[in-house]
Amino acid sequence: MNPRTVVILGSTGSIGTQALELIGRNRDRFRVLALSAGGDNVGLLAQQALEFEVEVVGVAKATVAQDLQLAFYAEAQRRGYAQGDFRIPKIVTGPDASTELAGMACDVVLNGITGSVGLRPTLAALDAGTTLALANKESLVIGGPLVVKRVKPGQIVPVDSEHSAIAQCLRSGTADEVRRLLVTASGGPFRGRSRAEMTDVTPEQAMNHPTWDMGPVITINSANLINKGLEVIEAHLLYGLPMERIDVVVHPQSIVHSMVEFIDGSTVVQASPPDMRLPIALALAWPDRIPDAAPSCDWTTASSWEFEPLDDEAFPAVQLAREAGERGGTAPAVLNAANEVCVQAFREGRLPFLGIVDTVARIVTEHDVPSYEGLSVDDVLAADAWARTRARELTAATDQRQETTQA
Ligand SMILES: NC(=O)C1=CN([C@@H]2O[C@H](COP(=O)(O)OP(=O)(O)OC[C@H]3O[C@@H](n4cnc5c(N)ncnc54)[C@H](OP(=O)(O)O)[C@@H]3O)[C@@H](O)[C@H]2O)C=CC1
Ligand SMILES: CC(=O)[C@@H](O)[C@H](O)COP(=O)(O)O
Ligand SMILES: [Mn+2]
């Protein structure tokens, strides 16, 4: 069996590092051709590149090119390599670096970048005809039909745990036997609270996810459930069901990763402890399973799984995302871009927690979705840019109000 060739985008992040840990244990199955990252952690990127002897490394920040070169020599020295024992990979820098790497000839591109900046790499992988292991849900959500129309059957394999679970459950029946999809949500660190009880929550509290250890943006998105809203749109786009047949169920243990209800009344669930290495492994090896990718459930000790309905009043983000998904066009791009800016403002103490969803809702309402004959990448990116500008204006105003109040 020839190893699958893999390109990993966002290799220094939560998804990227877990993917490399898994590949490190399965070197007979995978060969890493290229890695990319933003450029915030060139030391780790150089370490990964030498460890996996990759051919190409990409960084979005052109300014760190020299630091990356130095990091390679420092890492080689740390490993005790003599000159000639190692080869520095080709380095690609700039905002298009990941898009260039995504278009390389390989078997699988894993898109583990955070944010709408992952759109062009997603499209490049699809246009190259490569299987896309998709963690970067934002690119699918904002691209919508633009992404879907490029996808050959089976070309996107979801990494997101819920969508991986649904893909596994769907193996139990045919498409016309599916009644609805049930996307599970942990409920985040503030599950059970009213809106009033979330007025003063801090970034530190919002970062304290009860079940998953993830990057900062998705962790905040899980705390107000905007992540779940994005995931409903993601499920709609991946599986073609209308959004009214996609429900959200709160399941605090994060062991059941989602479910499919079939027309005969049967519900099939996918269960495993919360560990992203399982869906990452399945996405990289699809349709095969990798032995011991992650631990399985322990059935020898007593445990209980709870399920409860979502409190839409305290957590209006899912409904907000549904509405943006129904409006279509550039509305999901506006929702996502405004959210990215608001999350940053919250993390920097410039916006209260509840202000994230409130501000996103305001910007989505202000956005006049043009009726596009055919949505283009430029349309999506223009809407993304508009929403960012608007969110910066509104969060700057919030900041000033806070300063005025304090004064
Ligand atoms: N973490 C998880 O368990 C899950 C994550 N996801 C999704 O996966 C994606 C990644 O999440 P996560 O790993 O948590 O995020 P992290 O913040 O941990 O990692 C993000 C990665 O993207 C890189 N990056 C940032 N900007 C760019 C850019 N312009 N070009 C190339 N790379 C860039 C970062 O590089 P640098 O280090 O240099 O900044 C880093 O490697 C998100 O879309 C998230 O929603 C979905 C399900 C679960
Ligand atoms: C691991 C994963 O897929 C995340 O998207 C996770 O679902 C976040 O947890 P929440 O269910 O709290 O959003
Ligand atoms: Mn998820």
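Not measured: the values here are computed from a predicted model. (Residues numbered from 1 in each chain as written. Chains lettered and ligands numbered in written order. Predicted model: local features only at pLDDT ≥ 70, side-chain atom pairs only at ≥ 80, totals over all residues.)

S.K.: With reference to specific residues and values, describe the pairing of strand E11 (residues 267–271).
M.R.: Where strand E10 (residues 256–262) and E11 come together, five bridges link them in antiparallel fashion. Following the sheet pairing, Ser258 is matched in E11 by Gln270. Hairpin connection from E10 to E11: four residues lie between these consecutive antiparallel strands, with Gly265 at a positive phi of about 100°. (Pairing = 2+ DSSP bridges. Helix = DSSP H or I, 4+ residues; strand = E, 2+ residues; numbered from the N terminus.)

S.K.: Explain the UniProt feature "domain: 1-deoxy-D-xylulose 5-phosphate reductoisomerase C-terminal" (unreviewed entry) in the protein to me, and be specific about the residues and the numbers.
M.R.: If you check UniProt for "domain: 1-deoxy-D-xylulose 5-phosphate reductoisomerase C-terminal" (unreviewed entry), the listed places come out as residues 156–239 in our numbering. Helix makes up 42% of residues 156–239 and strand makes up 13%, while its end C-alpha atoms are separated by 11 Å. (UniProt positions renumbered as here; feature names shortened; annotations may be inferred.)

S.K.: So what's going on with unusual backbone geometry? Which residues, and what values?
M.R.: Cis geometry is adopted by the peptide bond preceding Pro287, which originates at Trp286 and carries an omega value of 5°. You can see Pro287 is positioned in the loop between helix H12 (277–285) and strand E12 (308–309). In this model, Glu53 sits at a positive phi of 50°, which is unusual for a non-glycine residue. On the basis of neighbour counts, which here come to 12 C-beta atoms within 10 Å, the residue Glu53 falls in the exposed class. Positive phi, normally seen in glycine, also occurs at Asp292, with a value near 55°. In this fold, Asp292 is placed in the loop between H12 and E12. Its 12 C-beta neighbours within 10 Å are what place Asp292 among the exposed residues. (Buried ≥ 20, exposed ≤ 12 C-beta atoms within 10 Å, placed from the backbone.)

S.K.: How would you sum up the sheet that holds strand E2 (residues 30–37)? Please name residues and give values.
M.R.: Taken together, seven strands build an open sheet; the order of strands is E4-E3-E2-E1-E5-E6-E7 and the sheet is parallel. Each of the sheet's edge strands pairs with one partner strand only, and the pair in question is strand E4 (90–93) and strand E7 (156–158). In this sheet, adjacent strand axes meet at a mean angle of 20° when their direction is disregarded. In this structure, E2 lies alongside strand E3 (residues 56–59), joined through four bridges in parallel fashion. (Axes fitted to C-alpha atoms, helices over the stretch in contact; angles between N-to-C directions.)

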